[in-house]
Amino acid sequence: MNLEARWHTLHGWLGTFAKRAAALFCMLSLIGCSGVQSALDPAGGDASRIYWLTVIMTVGGTLIFLGVTSLLLYAIFAPPERRAWLGTRGTIVYGGLAFPIVTLSALLPYGLIVMRDTDVPQEGALPIEVIGEQYWWRVRYPADGRQTEFSTANEIVVPVGRSIAVSVTSADVIHSFWIPNFGGKIDMIPGRINRINFTAERPGVYRGVCAEFCGDQHARMAFDVIALEPEAFEAWRTEQAKPAREPEIPLLARGRELFRVGGCGSCHAVRGTEASGQFGPDLTHVGSRRTIGAGQFPNNIGTLAGWIANTQHIKPGVRMPSYGSLSGEDLRALAGYMESLK
Amino acid sequence: MSGRRTGQVLLMVAGLIAWAVQFTIIYAVTSTLCGRGWADAAFLGFEIVPMTIVSATLVTFSATLLAAVWSFRNHRRKGEQPVSGADSFMNHVATLINGLSLVIILWHGISAFILPACA
Ligand SMILES: [Cu+2]
């Protein structure tokens, strides 16, 4: 094969490759470039700094890679007299020394500045404590001004525009707390408190995940992050701090009785009732949450009943037994009671 | 190896040694002080951690600058008296390594001006 023919083959490959890469990128971007769990759709300061760092590094790296590759191909395929300049001292000094030094001298301070600006705790931040447990998230809002302390689970609600100071730790093994739309990851280590700060810039529903393998159900350990306007957040907070609602109809009262006799209260707290277990998620306002089972199922009476009756089937290895022997009616009453706890 | 060669080799790696010294000082002092919770410890009004980074940088930078100038002059002198191919090559490389070491030592030092002492 002569040079010309080789060049044509190569040219053909490159063309196909570029087309495929573009198609793949569009496909990925449709799925990955926006959404509730995407680092490519930043909704907070840290996340957008990390996003721009990624864009600059990727685009810059790609351009340099393409430039170097073209020079390489030129060095191989161009006629000797035309490629001679590639071997001169000037090319080596400017292209091989000056260019990398200048580029890296710009990137290094930029990277250090991103590092410095990420993670700075702000004045008047809202403190939230999150404890990773196999395989769910305990979320505590400490007392703040007039607002009293309370616990919830698998859901973090934050006001838009206010700095959030999250302290994380773990009750068992190492987990990692990650809300891609708001910033980087932070490890949750038993016996240690780590901190991460972010500010939600726009209202919306986002999703966080456990980013450190922590056991069987690691992949089903997610949580919802809901960014609300400040007034809506205060209203939510006031509601959450209240004790649980009284059952309004006999069916729900029956559900509460089943909850009591079934021993659910030894693991779960429902504030305002005698259920005060601290082992599992606080269920005082479980009906108000978007999802159950650590971000796994939408929250409605059907999924609640399914969860209670088949816990070990739908999330095997979880620290809650299945209650498969409840009659259909009892299950409906119990799930209805859970759902009524708005 | 003759004494002259040893000197030449030393000069060739002088910048790298200075860089290693800077590295060791910065890491040792920063991790010890930060680990002990002395992030804000100050001496004569200067915070110790950034001051250590800056002075280690200045000292190693100056030493490397000397080495760079020296090797550059050796390299330049080659026109005046006949030198062997090996000498010429070593002088050339020494200039290059010492010059690059200057850059890397500076890169190492700038973090003191951007990042908090113990982050
Ligand atoms: Cu986990």
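Remember, it's a predicted structure, so these values are computed and weren't measured experimentally. (Residues numbered from 1 in each chain as written. Chains lettered and ligands numbered in written order. Predicted model: local features only at pLDDT ≥ 70, side-chain atom pairs only at ≥ 80, totals over all residues. Heavy atoms only, no water.)

Draft legend 1. Spatial organisation of the packing of helix H1 (residues 3–35) of chain B against helix H2 (residues 48–76) of chain B. Residues and elements named next belong to chain B. Across the interface, H1 lies against H2 with an axial gap of 9 Å and an inter-helix angle of 180 degrees. As summarised for this structure, H1 and H2 are arranged roughly antiparallel, according to the angle between their axes. Taking contact as the criterion, the partners of Leu-11, Ala-14, Gly-15, Ala-18, Val-21, Gln-22, Ile-25, Ile-26, Val-29, Thr-30 and Leu-33 in H1 are, on H2, Ile-48, Val-49, Thr-52, Ile-53, Ala-56, Thr-57, Thr-60, Thr-64, Ala-67, Trp-70, Ser-71 and Asn-74. Grouping the constituent residues of the contact of H1 with H2 by class yields 14 nonpolar, nine polar and no charged. (Axes fitted to C-alpha atoms, helices over the stretch in contact; angles between N-to-C directions. Helix = DSSP H or I, 4+ residues; strand = E, 2+ residues; numbered from the N terminus. Parallel < 35°, antiparallel > 145°, perpendicular 65-115°, else oblique. Contact = heavy atoms within 4.5 Å. Nonpolar A, V, L, I, M, F, W, Y, C, P; charged D, E, K, R; others polar.)

Draft legend 2. How the structure looks around the domain arrangement of chain A. Residue and element names in this part refer to chain A. Partitioning chain A into structural domains gives domain 1 (3–116), domain 2 (126–240) and domain 3 (250–340). In this structure, domain 2 and domain 3 have C-alpha centres spaced 22 Å apart. Each partner contributes residues to the interface: domain 2 has 22 residues there, and domain 3 has 21 residues. Between domain 2 and domain 3, roughly 1,800 Å² of surface is buried when both sides are summed, and carbon and sulfur atoms account for 42% of that area. Put simply, domain 2 and domain 3 have one salt bridge between them. Asp-224 is the salt-bridge partner of Arg-290, the closest N and O atoms lying 3.8 Å from each other. Scanning the region where domain 2 abuts domain 3 turns up 16 residue pairs in polar contact (both at pLDDT 80 or more). Top contributing element to the side of domain 2 that touches domain 3 by residue count: strand S3 (residues 150–153), with four residues. (Domains from an automatic or database assignment. Buried area = accessible area lost by both parts, 1.4 Å probe. Salt bridge = Lys/Arg side-chain N within 4 Å of Asp/Glu carboxyl O. Polar contact = N/O pair within 3.5 Å; in protein donor to acceptor, adjacent residues only side chain to side chain.)

Draft legend 3. Seen up close, the interface of chain B and chain A. Between chain B and chain A, the residue contacts involve ten residues of the former and eleven residues of the latter. Buried surface at the junction of chain B and chain A, both sides included, amounts to about 890 Å², of which 85% is carbon and sulfur. The largest share of the area that chain B buries against chain A comes from Trp-107, Ile-114 and Leu-115 of chain B, three residues that together contribute 59% of it. At the junction of chain B and chain A, the tally comes to zero salt bridges. Between chain B and chain A we count one residue pair in polar contact (both at pLDDT 80 or more) in total. Class assignment for the residues of the side of chain B that touches chain A results in eight nonpolar, two polar and no charged.

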